[in-house]
Amino acid sequence: MADSGTESGSHGSTEQARLRRTLGFRDLVVYGLLFIAPMAPVGVFGTLDAKSDGAVALVYVAATVVMAFTAFSYAQMVRVAPMAGSVFAYARKGLGEGPGFIAGWMAMLDYLLIPAVAYLFSGIAMNSLVPGVSRWVWTALAVVLTTLLNLWGVRAAARVGFAVLAMEIVVLLVFVVSAVVVLVRDGAQRGWLSPLTGDSGFSTTAVLGAVSVAVLSYLGFDAIASFAEEVTGGSAQVARAVLFCLVLAGTLFVAQAYLAALLEPMTSAELTADPGAQGSAFYDTVDAAVGTWLHDLVAVSKAIGAAFAALAGQAAAGRLLFAMARERRLPGLLSRVDPRSGVPRVAILIAAVVTLVAAVWAARRDDGLDHLVSVVDIGALTAFVLLHASVVGWFVVRRMEGAPSWWRHLVVPAVGAAVLIAVIVEATGSAQVVGACWLVVGLVVVLAQRGRRGVAP
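In this text the structure is predicted, and so the values were computed from the model without any measurement.

Definitions and limits used
Residues numbered from 1 in each chain as written. Predicted model: local features only at pLDDT ≥ 70, side-chain atom pairs only at ≥ 80, totals over all residues. Heavy atoms only, no water. Axes fitted to C-alpha atoms, helices over the stretch in contact; angles between N-to-C directions. Helix = DSSP H or I, 4+ residues; strand = E, 2+ residues; numbered from the N terminus. Parallel < 35°, antiparallel > 145°, perpendicular 65-115°, else oblique. Left-handed = near helix turned anticlockwise from the far one by under 90°. Contact = heavy atoms within 4.5 Å. Nonpolar A, V, L, I, M, F, W, Y, C, P; charged D, E, K, R; others polar. Phe/Tyr/Trp six-rings, centres within 6.5 Å; stacked < 30°, edge-to-face > 60°. Lys NZ or Arg CZ within 6 Å of the ring centre and 35° of its normal. Expected span 1.5 Å × (residues − 1). Buried < 20%, exposed > 50% of the residue type's maximum accessible area, 1.4 Å probe, protein only. 1 Å grid on protein atoms, 1.4 Å probe; cavity = no way out; pocket = protein on both sides within 12 Å on 5 of 7 lines; lining within 4 Å. Points joined across faces, edges and corners; volume = space filled by probe spheres on them.

Peer 1: Would you mind going over the packing of helix α4 (residues 56–80) against helix α17 (residues 406–425) with me for this structure?
Peer 2: Where α4 contacts α17, the two axes come as close as 9 Å, and the packing angle between them is 140 degrees. Taken together, the axes of α4 and α17 are oblique relative to one another. The two elements α4 and α17 cross, and the hand of that crossing is left-handed. Within the contact between the two elements, α4 uses Val66, Met67, Phe69, Thr70, Phe72, Ser73 and Gln76 and α17 uses Arg408, His409, Val412, Pro413, Val415, Gly416, Val419 and Leu420. Broken down by class, the residue content of the contact of α4 with α17 amounts to 9 nonpolar, 5 polar and 1 charged.

Peer 1: Looking at this structure, how should I read the packing of aromatic side chains?
Peer 2: The relative placement of two aromatic rings is captured by the distance of their centres and the angle of their planes. With the rule as written, the count across this model stands at 7 aromatic pairs. With a centroid separation of 5.9 Å and 85 degrees between ring planes, the pair formed by Phe45 and Phe282 is classed as edge-to-face. Residue Phe45 is found in helix α3 (residues 41–51), and its partner Phe282 is found in helix α13 (residues 281–289); the two are separated by 237 residues along the sequence. Seen from their ring centres, Trp105 and Trp438 are 4.5 Å apart, and the 15 degrees between their planes marks the pair as stacked. One end of the pair, Trp105, is in helix α6 (residues 97–129); the other, Trp438, is in helix α18 (residues 429–455), and 333 residues separate them in sequence. Taken together through their ring pairs, the aromatic side chains of Phe45, Phe175 and Phe282 make up a single cluster. A cation sits over an aromatic face here: Arg364 above Trp136, 5.2 Å from the ring centre.

Peer 1: Even after reading the chapter, I still don't get helix α7 (residues 135–152), so can you show me in this structure?
Peer 2: Each α-helix turn comprises 3.6 residues. Residues three or four places apart therefore point the same way. Look at α7: 26 Å from first C-alpha to last across 18 residues, which is about the 26 Å you get at 1.5 Å a residue. Of the positions making up α7, those classed as buried are Trp138, Thr139, Ala140, Ala142, Val143, Thr146, Thr147, Leu149, Asn150 and Leu151.

Peer 1: So what exactly am I meant to see when it comes to empty space enclosed by the protein here?
Peer 2: One water molecule sets the probe size; rolling that probe over the atoms shows where empty space is left. The final tally for this structure, using the stated rule, is 1 cavity of 30 Å³ or more. Considered as a void within the structure, the largest cavity measures approximately 190 Å³ in volume. Taken together, the elements giving at least two residues each to the lining of the largest cavity come down to α2 (25–36), α6 and α14 (292–326). When residues of the lining of the largest cavity are assigned to their parent elements, the largest contribution, 4 residues, is made by α6.

Put into structure tokens, the structure is as follows:
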């Protein structure tokens, strides 16, 4: 079923443009959790604490709910279009060729830059452990090593990724147990409910503004859908993996944010007044409350885990470029599949080069991380809005599956899109400008392709 969908969905697909089915449910979960990273809040904890007036755990509860609507729509559309490209393929099905390209184009901004952020996190963490080596060197080294793994093959990368994921989860459990011991022994630095209500009053606007940053921690569960052509259990397996990853990640994020907020010696107001302390707030909290040994353990785990989160993101970016090229929306060279490894080698290399340039550029600047983080969300959030629209378009407007379920096919995607739009509105002005410019470029490409096809035989 999925194979026929792959061929019918690609204009003139050939054998070399097909991917191998080698992934199981566990492999999909590994890729999803690797991209998300179980300890993703570590890098943005201080920023979220400051932005939300201390209600950092509530921010992750709200972000999980926001992403749950998106995950549900992914589960609906992956059954309709079980192929590489995820949101690009879904929007083509539900909305048409033009909107499909724009969805893929906006997702590309996310898939190319999120790995750059993860590589930079890895470089920063390693530089904190080995200050004598510049963080841009560590960043570049992480790009090279994980790219080689991706080129080796999807199964090989999944095996190594599973070991890294297990290490991250063990370190997270060590943090949780250590935090609980300290809280029982010494008590909390803030009120026990403050991670949910704020430490200086509650502000809905502040929480929503922080959610626009917190969704960065979740971006990656959707990348599972990019491997739909390489899974052995069909589209239902992909849908299950998407939902499972989101629920598990949300639970882990809320728990660690809650515990870290209780241990945080600085108030959210003090963090707001000292932006330089926000990036290392989680590490500083662990160091002060538990000890340097846990600080170093978390830093090593973050360095390795972030690099492998980037590995999963780079793999997903390669599949997106491959899918768009196969549909003749990008240069055909990107649709080639390596006969030995079974991966889209050229697409992965192009994604790696773009990511390397962005990551090293950011690593060489003091404000590089802020610049990257401020723009990566916009592409994904815009693509998610088009995903929700494609559910309505396919099931309700076009009625391609018979009578629609008004709850699953209209209410959920409509609410999901509305919440995402609210989050986009609360994003930073610089992120909105970059997103708008990227969108304009995509629209120009669509018009140029349409004009070219109009004169073509």
